[in-house]
Amino acid sequence: MIENIFSAFKNELGYVNATNQYMELSVRMTEKDHGEILKNNLQGLAKSVQLNVSALAEDYMCRISKSYIVSVNSCFENFLKSFRHLAGSPTNITEIEITSEDDWLEWTLNVAFSSIENDIKNDIIICQYYRLVRNCIVHNGAASAALKNKYALIKTTDNSKLNAPNSLDSLTFDDQVLFSRAAYNVAKYIFNKSQYDINTIVEAYKGNLIDLIKHFQEPSSHSRAAKKMKYFIGLLYPELTNVNWEQEVHKLLG
């Protein structure tokens, strides 16, 4: 099945957010309704739901919040990898290889854009910050100078209602909210603002397109074929400007 990678990303991010929200709700309700038992009889409370928990780490709330960051980052990185495999995308047709020193977001932005619009820059910094946070979490590392420098660059005025961003050892649910919003905005920017190569796209879906328009061989029918072709490509890509669809039809049927 052919799918729109941005729609797939939105759906997956929605599942991630819903799961994280449920986890946060469970934690808060447990703290609210069983706070004293957590302190005095954790093992007994756990056994009542067939679990075996003898102790909680002092920073367990932060540890849970760290898992939120890891899940959002995985979802976002999967989008960037899917973008690379999307026929005709800038990172699909480039000869510039990603290296072990590069992160997927920085590489994608460098390949796809010669300049970045100001409105999205803060969201990009937020994503870069939480990627570094994720690396520290996964590799059990301390906060690096790069992480601290990125943290200092984040503008909080756009998200004044959130208590975020926070440092590596002070993460809360608000950090997942901030990261998720930024990841969505940056993915949308990359998907919608990139320039796509129509020749690569048509070649990739040549079989599908020919099946779609093969009954419109007559020149007088090419305008109808062009509409069908544009609609099909529009299911997978943002609106492509500066494409002569009738000319593309002629190439396929000629």
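The written sequence of each chain sets the order in which its residues are numbered from 1. Restriction of local features to residues with pLDDT of at least 70 applies here, the model being predicted, together with a cutoff of 80 or more for giving and counting side-chain atom pairs; totals for whole chains, interfaces and linings are based on all residues. Excluding hydrogens and water, the side-chain figures rest on all heavy atoms present in the structure.

### Some remarks on the overall build of the protein
Going by this rule: Per the convention used, a helix needs a DSSP run of H or I reaching at least four residues, while a strand needs a run of E reaching at least two, with both numbered from the N terminus. All radius of gyration figures rest on C-alpha atoms, and the globule criterion is 2.2 Å times the number of residues raised to 0.38. The contact rule is simple, with two residues in contact once any of their heavy atoms fall within 4.5 Å.
For the protein, the count of helices and strands is twelve helices and zero strands. Of the regular secondary structure in the protein, the N- to C-terminal order runs α-α-α-α-α-α-α-α-α-α-α-α. Taking 18 Å as the expected radius of gyration for a compact globule of 254 residues, we find that the protein reaches 24 Å, considerably beyond that expectation. For the C-alpha atoms alone, the extent of the protein along its principal axes is close to 80 × 40 × 35 Å. Contacts spanning at least 24 positions in sequence make up 68% of the contacts within the protein whose residues lie at least 6 apart.

### Section: unusual backbone geometry
This is how the line gets drawn: Only protein chains enter the accessibility calculation, which uses a 1.4 Å probe; a residue is then buried when its area is under 20% of its type maximum, exposed when over 50%, and partly exposed in between.
That bond from Ala164 to Pro165 is cis: its omega, 10 degrees, falls within 30 degrees of zero. Following the sequence through the fold, Pro165 ends up in the loop between helix H7 (145-153) and helix H8 (173-193). A positive phi angle, close to 60 degrees, is found at Gln50, a residue other than glycine. Of note, Gln50 is situated in the loop between helix H2 (42-47) and helix H3 (60-85). The class for Gln50 is exposed, based on a relative accessible area of 69%. For Asn140, which is not glycine, the phi torsion reads 55 degrees and is therefore positive.

### Notes on the packing of H3 against helix H6 (residues 118-138)
Selection criterion: A fitted line through C-alpha atoms represents every axis, and for helices the fit uses only the stretch in contact; the resulting angles, taken between N-to-C directions, go from 0 to 180 degrees. For classification purposes, an angle smaller than 35 degrees is called roughly parallel, one larger than 145 roughly antiparallel, one from 65 to 115 roughly perpendicular, and anything else oblique. For a crossing to be left-handed, the near helix must be turned anticlockwise from the far one by less than a right angle; the clockwise case is right-handed. We call Asp, Glu, Lys and Arg charged. Ala, Val, Leu, Ile, Met, Phe, Trp, Tyr, Cys and Pro are nonpolar, and the rest, Gly among them, are polar.
For the pair H3 and H6, interaxial distance at closest approach is 9 Å and the crossing angle is 120 degrees. Relative to H6, the element H3 is oriented oblique. You can see that H3 and H6 cross each other, and the crossing is left-handed. Within the contact between the two elements, H3 uses Lys66, Ile69, Val70, Asn73 and Phe76 and H6 uses Cys127, Tyr130, Arg131, Val133, Arg134, Ile137 and Val138. Taken together, the residues of the contact of H3 with H6 sort by class into eight nonpolar, one polar and three charged.

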